[in-house]
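# A closer look at the structure
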Amino acid sequence: MDPREEAPDVDRLARAMLLLHGGHDDDEHSHDSSAGSTLKARSFGGERSAALREATQRDRDRYLRSGLVSVDCRFCHVAVEVKKLGPAHTSVQWSTEATRRCAYFAEIRDSGGDPAREKGCPRLADSIKHAVAEGCLEEISSAPSPGDG
Ligand SMILES: [Zn+2]
């Protein structure tokens, strides 16, 4: 088997071209043309997967850069910005309006409590869980690997 067909690359192709034009070795001709067609077919598939990889990378970059995803509380319908940093680490950014409108926080205020001391609306925690399950929330991979407590 011609080694050129096993590992085709631009370098080899260029060298093959040189050989072809130089006409130094007549025996190379038939081999070179067959290797060339193999190379063409392979590089076409390579381009497609490269484009796919690029699109995926772009998507990932977008997630990494922003990291923040707007999640609606299914119970009180306020929107908060959520950033998932790990399996058990989710950062939720409550806007003043969201805090004011959340029914859970309103209840605490009504009973004389302080919503600022609460971790968050449990209904919203549910909504975030749903968002994660639906793939709306991407984990930020820059966080330390899980399992180290
Ligand atoms: Zn709520």
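Residues numbered from 1 in each chain as written. Predicted model: local features only at pLDDT ≥ 70, side-chain atom pairs only at ≥ 80, totals over all residues. Heavy atoms only, no water.

### Remarks on unusual backbone geometry
We apply this condition: Runs of E in the DSSP output that reach at least two residues are strands. Runs of H or I that reach at least four are helices, and both are numbered from the N terminus.
Notably, His77 is not glycine yet its phi reads approximately 60°, a positive angle. Tracing the sequence through the fold places His77 in the loop between β1 (68-72) and β2 (79-86).

### Quick notes on the coordination of the zinc ion
For the record, the criterion: Only nitrogen, oxygen and sulfur atoms qualify as donors, provided they sit within 2.8 Å of the metal or within 3.2 Å for Na, K and Ca; with water excluded from the atoms, sites may seem incomplete. Each residue is placed in one exposure class: buried if its accessible area under a 1.4 Å probe, protein chains only, is under 20% of its type's maximum, exposed if it is over 50%, and partly exposed if it falls in between.
Of the protein atoms, only Cys76 (SG), Cys102 (SG) and Cys121 (SG) coordinate the zinc ion, at distances of 2.0 to 2.6 Å. Each donor residue of the zinc ion belongs to the same chain, with the gaps between them written as C-x25-C-x18-C. Here Cys121 lies in the loop between α5 (103-110) and α6 (122-133) and Cys76 lies in the loop between β1 and β2, a separation of 45 residues in the sequence. Per residue, the accessibility class of Cys76 equals that of Cys121, and both read buried.

### Some remarks on the confidence of the model for the protein chain
When pLDDT drops low, the exact placement of atoms in the prediction is not to be read closely. Under the convention used in this document: The predictor's confidence in any single residue is recorded as pLDDT, a number from 0 to 100.
Residue-level pLDDT values for the protein chain average 73, and 59% of them are 70 or greater. Looking over the protein chain, one finds the lowest element-wise mean pLDDT in helix α1 (residues 3-6), namely 55, and the highest in α5, namely 91.

### Quick notes on the sheet that holds β1
The pairing of strands in a sheet happens through backbone hydrogen bonds and is either parallel or antiparallel. Stated precisely, the cut-off is as follows: The rule for pairing is simple: two strands pair if DSSP sees at least two bridges between them. Only the stretch in contact is used when a helix axis is fitted, and all axes are lines through C-alpha atoms; the angle between N-to-C directions ranges over 0 to 180 degrees. What makes two residues a contact is simply this: any of their non-hydrogen atoms within 4.5 Å.
Taken in spatial order, the 3 strands make up an open sheet running β1-β2-β3, and their pairing is antiparallel. On the outer flanks of this sheet lie β1 and β3 (89-93), each paired with one strand and no other. Direction aside, the axes of adjacent strands within the sheet are offset by 35° on average. Pairing between β1 and β2: 5 bridges, direction antiparallel. Looking at β2, one finds that Leu68 is bridged to Lys83. Relative to the sheet, α6 contacts β1, β2 and β3, its axis offset from that of β1 by approximately 120°.

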